Every structure is written in C-alpha cells, then in structure tokens.
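Structure assessment
Given next are the chains, with one letter for each unit.
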Amino acid sequence: MTDLSALSPVPPGARDAVLKFFFGPMDCGKSTLALQMNYNHSRQGRRGLVLTKHDRSGGPQVTSRIGLGLEAIEVEDSLDLVALVTGHDSIDYLICDEACFYTVPQIEQLADLVDDHGVDVYAFGLASDFRSVMFPAAQRLFELADEVCRLQVEVLCWCGRPGLLNGRIVGGEVVRTGEQVVIGDTDRSPVRYQVLCRRHHRSGLLGEGTA
C-alpha cells in the first residue's frame, strides 16, 4: 500500500512543474513563507536551491523580520539561472526570494526551468516600487506565472487601512524620485520604507508621530 503520510516522498513525474509568484508589500511575510516552503519541500526529500537578491541583511541569505534565516545564493545580474540549476544534480525546486530585483532575462530563465527541466519555481517579492510603479521582473512574473498569489498576512497603514504600497522616506518625507532600487528597511535609518494605504501613499501623509 502506498504511504500517503505527510513525510512520504513525492513520486517523480507526479505532476507538471509550476511557476508561482507570491507578492505583497513589506512586512507581509514573504521571506517567512519562502523559508517555510523550503522546509516543507526539503523534509519531503526534495532537492532545492534557495536564491535571493538584496536581502535586508546585506548578505547572501534569506532573512525574515521574525528572526528566521537561511544561507542562500546571491543572484547577480550576470548569473545564468538555467546554468546554475543544471550544474547541480537533480534539483527539484527553487525558492527565489526578492525576485522583483532579478533581471527580466532571469525571469525568462525561471520559466525555462519550469517548462524545459521540470523544476518547480516559487518566487517571492514586491510588485511595485516606492513610486507604485511595477518592477520589470515582477511585471514579467505576473505575465508568465502559472499562479500569482497576493499574501494574505494583513499589513496596516498608520491610519488602520490595509497597507498596499511601500513609501520611501527620506528626511521624514515621502519621496517620489530617485533610483528604483535603494536598499533599506522599515527602521529609522536615513532612507527607510513605510507601508502605506493608497490614499496616504498618494498624499504623502505619514501620520502623527511618524514623520
């Protein structure tokens, strides 16, 4: 009789590989979910790689704000993801954190890995930047992914409405211009980010005591 317990190995060729994109604003648990999914797949005996780019820690690792972390492969712009995966023995899945910062050709490579090599790809990242403009890589993931999932962990704006957008705060004010990618976090550093509802992202109001 086939063992169908939670720890039973997944039979090879049981289904087609998938490309899934999980997105949401900062603080919604994307990296936490990425780490959990890697744990779930690896405990089933599947072989995977964990990738990231511009993690908040500044190093090649996936870290979450609740204290979890894992060493990862840093995705440089020149990295060929197909060559990376095929250079390893029997990779079943990829965890791609901060995928919004990958290049568009690298997103195409992720699709190639799914379609041509049977590798499951689970990508995590922001949809839009501090101006509420979509990252090119995120846009391509929306176009190519088999499933696109908005994370359901609720993040609130200071006003209590759902936080949907990431505001870049410099000198206590929301800024609208600058490089698309500037690494920061939600602390009180000179360049930081704050999750805002649409109304307050557009108006630039940060709430009493937050400016």
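What comes next is a walk through the structure. This one's a predicted model, so the numbers in the text were calculated from it and none came from an experiment. Think of each chain on its own: its residues are numbered from 1, step by step along the sequence as written. The model is predicted, so local features are restricted to residues of pLDDT at least 70 and side-chain atom pairs to those at 80 or more, both for listing and for counting; the totals for chains, interfaces and linings are taken over all residues. As a convention, hydrogens and water are excluded, and side-chain values are obtained from all of the structure's heavy atoms.

A few points about the pairing of strand E2 (residues 48-52)
On a regular strand, one side chain projects to one face of the sheet and the next to the other, so that they alternate. For each residue, the accessible area found with a 1.4 Å probe, counting protein chains only, is set against the maximum for its type, and the residue is called buried under 20%, exposed over 50%, and partly exposed in between. A run of H or I in DSSP counts as a helix once it spans at least four residues, and a run of E counts as a strand once it spans at least two, with each numbered from the N terminus. Summarising burial for E2: 4 of the 5 residues are buried, a large majority. With 2 bridges joining them, E2 and strand E5 (residues 73-74) adopt parallel strand pairing. Note that in E5 the partner of Leu51 across the bridge is Ile73. We call two strands paired when DSSP finds no fewer than two bridges between them.

Examining helix H4 (residues 136-144)
Ala137, Ala138 and Leu141 are the residues of H4 that are buried. Across the axial projection of H4, the buried residues extend over an arc of 100°, all falling on one side. Any two residues whose heavy atoms approach within 4.5 Å at even a single point are treated as in contact. Buried residues in H4 make contact with strand E1 (19-23), helix H3 (104-117), strand E7 (120-125) and strand E8 (147-150). Along the arc lie the directions from the helix axis toward the C-beta atoms.

Regarding helix H1 (residues 30-43)
Its 14 residues give H1 an end-to-end C-alpha distance of 20 Å, which sits within 8% of 20 Å, the value for a rise of 1.5 Å per residue. The set of residues buried in H1 consists of Lys30, Ser31, Ala34, Leu35, Met37, Asn38 and His41. Axial view of H1: buried residues confined to an arc of 160°, hence all on one face. Within two residues after H1, Gly45 carries a phi angle of roughly 90°, on the positive side. Expected helix span is given by 1.5 Å per residue-to-residue step, counting one fewer step than there are residues.

Re the nonpolar core
Residues belong to one nonpolar core when they are buried, are Ala, Val, Leu, Ile, Met, Phe, Trp, Tyr or Cys, and are joined through side-chain atoms within 4.5 Å. If you look at the biggest cluster of nonpolar residues, it comprises 52 residues, and the most contacted ones within it are Leu51, Leu94, Cys96, Tyr102 and Leu110. The element contributing the most residues to this core is H3, with 5 residues. If sequence neighbours within four positions are ignored, Cys96 has contacts with Leu51, Tyr102, Leu110, Val121, Tyr122, Ala123 and Phe124.

With respect to the pairing of strand E9 (residues 165-170)
For E9, the buried fraction is high: 5 of the 6 residues fall into the buried class. Note that E9 and strand E11 (residues 191-196) share 6 bridges and pair antiparallel. Residue pairing across strands places Asn166 opposite Val195, the latter belonging to E11. Strand direction decides the pairing type here: E9 and strand E10 (residues 173-174), joined by 2 bridges, are antiparallel. Bridge pairing in E10 links Val170 to Glu173. The turn linking E9 back onto E10 is made up of 2 residues, and Gly171 within it adopts a positive phi angle of 60°.

Some details on a nonpolar patch on the surface
For patch detection, residues must exceed 30% relative accessible area and be free of salt bridges, and they are connected within 9 Å for like charges or within 5 Å for nonpolar side chains (Val, Leu, Ile, Met, Phe, Trp, Tyr). Working definition of accessibility: Shrake-Rupley area with a 1.4 Å probe, residue cover restricted to the visible protein chains. The salt bridge criterion pairs a side-chain nitrogen of Lys or Arg with a carboxyl oxygen of Asp or Glu, the two atoms within 4 Å. Together, Met134, Phe142 and Val148 make up an exposed nonpolar region whose accessible area comes to about 210 Å². With respect to the helices, strands and loops of the structure, Val148 is situated in strand E8. Under the relative-accessibility criterion, Val148 is labelled partly exposed at 33%.

A word on the sheet that holds E11
The sheet built from 3 strands is open, its strands ordered E10-E9-E11 with antiparallel pairing. Where the open sheet ends on each side, the last strands, each with one partner, are E10 and E11.

A word on the packing of H3 against H4
Helix-helix packing is described using two parameters, namely the angle between the two axes and the distance between the axes. At a minimum axis distance of 8 Å, the contact between H3 and H4 shows a crossing angle of 30°. By the angle between their directions, the pair H3 and H4 is classed as roughly parallel. Along this stretch, H3 crosses H4, giving a crossing that reads as right-handed. Contact residues: H3 offers Val104, Ile107, Glu108 and Ala111, while H4 offers Pro136, Ala137, Arg140, Leu141 and Leu144. Looking at the contact of H3 with H4 residue by residue, the classes come out as 7 nonpolar, no polar and 2 charged. Only the stretch in contact is used when a helix axis is fitted, and all axes are lines through C-alpha atoms; the angle between N-to-C directions ranges over 0 to 180 degrees. Roughly parallel means an angle under 35 degrees; roughly antiparallel, over 145; roughly perpendicular, 65 to 115; everything else is oblique. A clockwise turn of the near helix away from the far one marks a right-handed crossing, whereas an anticlockwise turn of less than a right angle marks a left-handed crossing. Residues are grouped as follows: Ala, Val, Leu, Ile, Met, Phe, Trp, Tyr, Cys and Pro are nonpolar; Asp, Glu, Lys and Arg are charged; every other residue, Gly included, is polar.

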